[in-house]
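# Structural description and commentary
In case you want the letters, here they are:
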Amino acid sequence: MGSKQTVFTHEQLEAYQDCTFFTRKEIMRLFHRYQDLAPQLVPLDYTTCPDVKVPYELIGSMPELKDNPFRQRIAQVFSNNGDGHMTLDNFLDMFSVMSEMAPRDLKAYYAFKIYDFNNDDYICAWDLEQTVTKLTRGELSAEEVSLVCEKVLDEADGDHDGRLSLEDFQNMILRAPDFLSTFHIRI
């Protein structure tokens with residue numbers, strides 16, 4: 001009789017359940033998705049906590065991300081050192097935050113980090129220009145992009161300092177009813 005392969009210890013699975021919005025079955029499904037991205041790199045036995053990172057090129061080519069204009073920023077934000085290369089923990093975190101079960105505040109926090117291209121903890125006019133250009137896939141003129149950015153800052157910059165803080169951004173998201181339905185990845 002064949003024995004069943006042990007991927008995680010009981011404690012590891014419990015820890016993943018505690019720090020994500022997933023069931024054991026979903027965690028296992030995501031592990032196999034991660035392993036399928038780089039089968040030569042990712043072992044089937046994670047009980048020894050191997051130090052493995054799947055390269056961004058493979059993460060960014062996943063069906064859930066490949067058409068997303070923010071795929072590189074998403075991978076950068078969820079990777080340990082911002083290079084887009086992901087450990088299993090990073091991969092599970094990304095899918096957890098992007099799941100339908102994640103609360104609005106958590107999603108808003110990570111959306112803010114994704115749109116903060118220069119990583120200064122504010123969304124400035126330059127960050128907004130990058131965001132609008134990616135959202136519109138470069139189809140707006142520089143003048144149109146600038147106009148959209150000015151309008152966003154006029155509407156959302158609560159303390160009128162010319163940039164959006166996390167609090168400004170969260171207040172803006174509260175007024176965007178479709179945010180939760182668009183900021184997710186189905187597993």
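Every value quoted in this text rests on a predicted model; they were computed, and no experiment measured them.

The next point concerns the overall build of the protein. A tally of helices and strands in the protein yields ten helices and zero strands. Reading the secondary structure of the protein in the N-to-C direction produces α-α-α-α-α-α-α-α-α-α. A buried classification covers 39% of the 187 residues belonging to the protein. Contacts spanning at least 24 positions in sequence make up 55% of the contacts within the protein whose residues lie at least 6 apart. Working note: accessible area of the protein is about 10,700 Å², and carbon and sulfur atoms make up 51% of it. Across the protein, 18 positive and 32 negative side-chain charges occur, with their mean positions spaced 8 Å apart.

This paragraph deals with the UniProt feature "domain: EF-hand" (unreviewed entry) in the protein. UniProt records the feature "domain: EF-hand" (unreviewed entry) at residues 144–179, using the numbering of this structure. With 64% helix and 0% strand, the stretch residues 144–179 has end C-alpha atoms that lie 23 Å from each other.

On to the side chain of N90. With respect to the helices and strands, N90 occurs in helix 5 (residues 88–97). Owing to a relative accessible area of 4%, N90 belongs among the buried residues under this scheme. From its side chain, N90 meets the backbone nitrogen of T87 in a polar contact 2.9 Å long. When neighbours within four sequence positions are excluded, N90 is seen to be in contact with F78, S79, N80 and H85.

Right, let's get into the packing of aromatic side chains. What the rule picks out here adds up to 13 aromatic pairs. Relative to F91, the ring of Y34 lies with its centre 5.1 Å away and its plane at 50°, an arrangement referred to as tilted. Of this pair, Y34 sits in helix 2 (residues 24–37) while F91 sits in helix 5; the two residues are 57 residues apart in sequence, bridging distant segments of the chain. On the basis of relative accessibility, which here comes to 0%, the residue Y34 falls in the buried class. Relative to Y110, the ring of F78 has its centre 4.7 Å away and its plane inclined at 15°; by these criteria the two rings are stacked.

Here we take up the domain arrangement of the protein. Taken domain by domain, the protein holds domain 1 (10–98) and domain 2 (104–182). In this structure, domain 1 and domain 2 have C-alpha centres spaced 26 Å apart. Between domain 1 and domain 2, the contact holds ten residues from the first and 13 residues from the second. Between domain 1 and domain 2, a total of about 1,100 Å² is buried, with carbon and sulfur atoms accounting for 71% of that surface. Considering only the surface of domain 1 that becomes buried against domain 2, F70, R73 and V97 emerge as the three largest contributors, covering 56% of it. Remark: the boundary between domain 1 and domain 2 carries zero salt bridges. Between the two partners, domain 1 and domain 2, sit seven residue pairs in polar contact (both at pLDDT 80 or more). Sorting elements by how many residues they give to the side of domain 1 that touches domain 2 places helix 4 (residues 71–78) first, with four residues. Each residue belonging to the side of domain 1 that touches domain 2 can be placed in one class, and the counts come to eight nonpolar, no polar and two charged.

On to the pattern of salt bridges. In the structure shown here, the tally under the stated rule is two salt bridges. A salt bridge links E64 to R33, with the shortest nitrogen-to-oxygen separation between them at 2.4 Å. Of this pair, E64 sits in the loop between helix 3 (56–59) and helix 4 while R33 sits in helix 2, and the two are 31 residues apart along the sequence. Using a relative accessible area of 22% as the deciding quantity, one classes E64 as partly exposed.

To continue, consider the confidence of the model for the protein. With 97% of its residues at a pLDDT of 70 or more, the protein shows a mean pLDDT of 92. For the protein, the element scoring lowest by mean pLDDT is helix 10 (residues 179–182), at 76; helix 3 scores highest, at 98.

About the cut-offs
- Residues numbered from 1 in each chain as written.
- Predicted model: local features only at pLDDT ≥ 70, side-chain atom pairs only at ≥ 80, totals over all residues.
- Heavy atoms only, no water.
- Helix = DSSP H or I, 4+ residues; strand = E, 2+ residues; numbered from the N terminus.
- Buried < 20%, exposed > 50% of the residue type's maximum accessible area, 1.4 Å probe, protein only.
- Contact = heavy atoms within 4.5 Å.
- Areas by Shrake-Rupley, 256 points an atom, 1.4 Å probe, with all protein chains shown as cover.
- Lys, Arg positive; Asp, Glu negative; His and termini not counted.
- Charge placed at Lys NZ, Arg CZ, Asp CG, Glu CD.
- UniProt positions renumbered as here; feature names shortened; annotations may be inferred.
- Polar contact = N/O pair within 3.5 Å; in protein donor to acceptor, adjacent residues only side chain to side chain.
- Phe/Tyr/Trp six-rings, centres within 6.5 Å; stacked < 30°, edge-to-face > 60°.
- Domains from an automatic or database assignment.
- Buried area = accessible area lost by both parts, 1.4 Å probe.
- Salt bridge = Lys/Arg side-chain N within 4 Å of Asp/Glu carboxyl O.
- Nonpolar A, V, L, I, M, F, W, Y, C, P; charged D, E, K, R; others polar.
- pLDDT = per-residue confidence, 0-100.

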